[in-house]
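# Observations on chain architecture
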Amino acid sequence: MHYNGLLSTFPKEIKLFIGAFVLILSVGFYTGLLFVNQTNGTAPSGIEENYLGNEEDENATVMKFRKSEREMLTIVHTHILSMAFIFFLLGGILWLAKLPKSLKLFLTIEPFVSVVLTFGGIYFLWIGMLWMKYVVIFSGILMTLSFAVSSILILYQLMVRDTSGQLRK
């Protein structure tokens, strides 16, 4: 089955549909990053404080309390499920783009590893493995870069004209 480059052969209407989906998905993804920046920042101490609280810090401008087990399980559960779905859909579209197989393989598998490391890392941070905050930062950055590169490549491929000589309806 030949699927490499199939994305550029789609009719204009399908390309617009996929492009609109990827753009709206990107708005949602990057809005989530803005929320992360608002709640805990991107510094290791901010991540730790968001889940473990800062009740001991008398100089804290915003008081944060340790998350309960129920809150942690809800955060981990919902994020792993939703991010898996996001990266499955984005990866499925990416496999139709004309790109080297090794690049597509990395961009479609790596986000799943990063999702587990990021949200699993948050849980392990919460149970006391404080060094996991660095894993969370690294895997979160890698996941974001994978999302950005994949969505840009897809949007670019949607703008490319089909040069295979096939008729499009």
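Our subject in this report is the structure included herewith. Remember, it's a predicted structure, so these values are computed and weren't measured experimentally. (Residues numbered from 1 in each chain as written. Predicted model: local features only at pLDDT ≥ 70, side-chain atom pairs only at ≥ 80, totals over all residues. Heavy atoms only, no water.)

### Quick notes on the overall build of the protein
- Helix and strand content of the protein: five helices and zero strands.
- Order of helices (α) and strands (β) in the protein, N terminus to C terminus: α-α-α-α-α.
- Scaling as 2.2 N^0.38, a compact globule of 169 residues should have a C-alpha radius of gyration of about 15 Å, whereas the protein reaches 19 Å, well beyond that.
- Relative to all contacts within the protein whose residues are 6 or more apart in sequence, the contacts with residues 24 or more apart total 73%.
- Entry remark: accessible area of the protein is about 10600 Å², with carbon and sulfur atoms responsible for 70%. (Helix = DSSP H or I, 4+ residues; strand = E, 2+ residues; numbered from the N terminus. Rg over C-alpha atoms; globule rule 2.2 N^0.38 Å. Contact = heavy atoms within 4.5 Å. Areas by Shrake-Rupley, 256 points an atom, 1.4 Å probe, with all protein chains shown as cover.)

### Here we look at the packing of helix 2 (residues 44-52) against helix 5 (residues 132-159)
- Here helix 2 crosses helix 5 at 110 degrees, and the two axes come no closer than 9 Å. The orientation of helix 2 with respect to helix 5, classified from their angle, is roughly perpendicular. As for the relative orientation of helix 2 and helix 5, their crossing is right-handed in sense. Listed contacts from helix 5 to Pro44, Ile47 and Glu48 of helix 2 are Lys133, Tyr134, Val136 and Ile137.
- Of the residues contributing to the contact of helix 2 with helix 5, the split by class is five nonpolar, no polar and two charged. (Axes fitted to C-alpha atoms, helices over the stretch in contact; angles between N-to-C directions. Parallel < 35°, antiparallel > 145°, perpendicular 65-115°, else oblique. Left-handed = near helix turned anticlockwise from the far one by under 90°. Nonpolar A, V, L, I, M, F, W, Y, C, P; charged D, E, K, R; others polar.)

### Examining the environment of Ser150
- For Ser150, the position within the fold is in helix 5.
- Taking C-alpha positions, Ser150 is 6.6 Å from Leu107, a pair spaced 43 residues apart along the chain.
- With residues near it in sequence (within four places) discarded, Ser150 still touches Leu90, Leu94 and Leu107.

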